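Next come the chains, spelled out residue by residue.
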Amino acid sequence: MRQKKRLEEVLSTEAELVRRSGDISAYFELAREGENVDADLRREIDSLRELVDRLETETLLSGENDARNAIVTIHPGAGGTESQDWADMLLRMYLRWAERQGFQTILYDYQPGEEAGLKSATFAVNGLLTSEIGVHRLVRISPFDQAKRRHTSFASVFVSPEIDDSIEVVIKPDDIRVDTYRSSGKGGQHVNTTDSAVRITHLPTGLVASCQNERSQHKNRERAMSMLRSKLYEFEMEKKREATKKIEDSKLDIDFGSQIRSYVLQPYRLIKDHRTKVEIGDVDRVLDGDLQPFIRGYLRMRRGEKQ
């Protein structure tokens with residue numbers, strides 16, 4: 001059914017391209033006849049350009065797991081409350097991005113910070129965010145500092161593809177430890193009154209998966225096992241690609257000099273991706289979920305590395 005839906009979208013997109021190209025050709029014909037169609041023609045060309053940009057992004061998503069859903073985990077780094085608040089800002093940015101793209105999201109785990117922000121969050125989205133893997137750096141005037149000094153905060157983002165039953169990942173019962181605890185994240189009254197949250201640790205690798213968004217401990221365990229299978233799959237894929245480090249080691253220290261992207265709100269306003277050199281001055285637009293320029297830049301860079 002997923003393949004059928006993708007094929008239907010391809011056919012629909014082709015028909016849309018034909019229609020828009022035909023409209024632009026018609027406007028050119030009217031212009032040759034002396035009609036004043038400049039505004040309409042410009043609008044059609046701008047609209048077509050947006051569609052082509054989106055199609056380019058979809059074309060670049062040709063990796064082995066690019067068609068799969070993503071499981072995204074966010075952790076704050078050095079900086080205490082500042083970084084925990086920054087991690088919460090990143091979570092909002094990704095959820096807004098998914099909303100803009102029409103993607104569904106499920107918040108599996110949310111550990112709130114003691115004063116503000118979050119200690120950890122994991123969510124699933126039916127769109128891959130591999131471009132976001134790494135450390136994100138924020139520079140701003142701290143809302144938690146009465147002296148209004150400038151602070152630098154860090155948070156890490158890790159993304160793994162959500163795998164289904166078509167890929168077999170064997171997890172031995174003796175290799176996992178299952179812990180239950182009282183849900184502490186966002187949810188209804190019931191989730192905070194029982195030990196329904198589940199945390200599963202894979203002892204040989206140290207990988208951890210948690211889920212607390214379901215009322216049933218059984219359902220939370222199923223979700224956590226699914227996430228753990230996805231993390232183990234990505235772990236093994238990294239080994240097959242002969243990466244120099246394992247997945248967790250490949251994530252740089254969440255500190256100075258290790259960031260993939262910087263978000264500067266003070267003394268000037270600029271977001272810069274240090275891998276692709278893509279820069280955007282409208283930081284509010286990006287923090288409100290407009291990540292497409294950064295995603296396209298990353299995909300183009302990845303395509304260039306493969307060639």
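To keep things clear, this report deals only with the structure shown in the data block. (Residues numbered from 1 in each chain as written. Predicted model: local features only at pLDDT ≥ 70, side-chain atom pairs only at ≥ 80, totals over all residues. Heavy atoms only, no water.)

**Notes on the nonpolar core**
Right, so step 1: With 35 residues, the main nonpolar core has Val72, Ile74, Leu90 and Tyr94 as its most contacted residues.
Right, so step 2: Looking at this core, the elements with two or more residues in it are strand 1 (70–76), helix 3 (81–101), strand 3 (118–125), strand 5 (150–161), helix 6 (283–287) and helix 7 (292–306).
Right, so step 3: Ignoring anything within four residues of it in the chain, the contact list for Tyr94 reads Ile74, Phe123, Leu129, Glu132, His136, Val157 and Leu291.
Right, so step 4: The next biggest cluster of nonpolar side chains, apart from the first, holds 18 residues, and it includes Ala124, Ala209, Ala224 and Leu232. (Core = buried A, V, L, I, M, F, W, Y, C linked by side-chain atoms within 4.5 Å. Buried < 20%, exposed > 50% of the residue type's maximum accessible area, 1.4 Å probe, protein only. Helix = DSSP H or I, 4+ residues; strand = E, 2+ residues; numbered from the N terminus. Contact = heavy atoms within 4.5 Å.)

**Some words on helix 3**
Right, so step 1: Counted at 1.5 Å a residue, the expected span for helix 3 with its 21 residues is 30 Å, and the 30 Å between its end C-alpha atoms agrees.
Right, so step 2: At the C-terminal side of helix 3, Gly102 shows a positive phi close to 75 degrees. (Expected span 1.5 Å × (residues − 1).)

**Quick word on unusual backbone geometry**
Right, so step 1: Cis geometry is found at the peptide bond from Gln266 to Pro267, where omega equals 5 degrees.
Right, so step 2: Position of Pro267 among the secondary structure elements: in the loop between strand 9 (259–264) and strand 10 (270–273).
Right, so step 3: With a phi angle near 70 degrees, Lys277 is a residue other than glycine that sits in the positive phi range.
Right, so step 4: Inspection of the secondary structure assignment puts Lys277 in the loop between strand 10 and strand 11 (279–280).
Right, so step 5: Judged by its relative accessible area of 54%, Lys277 falls in the exposed class.

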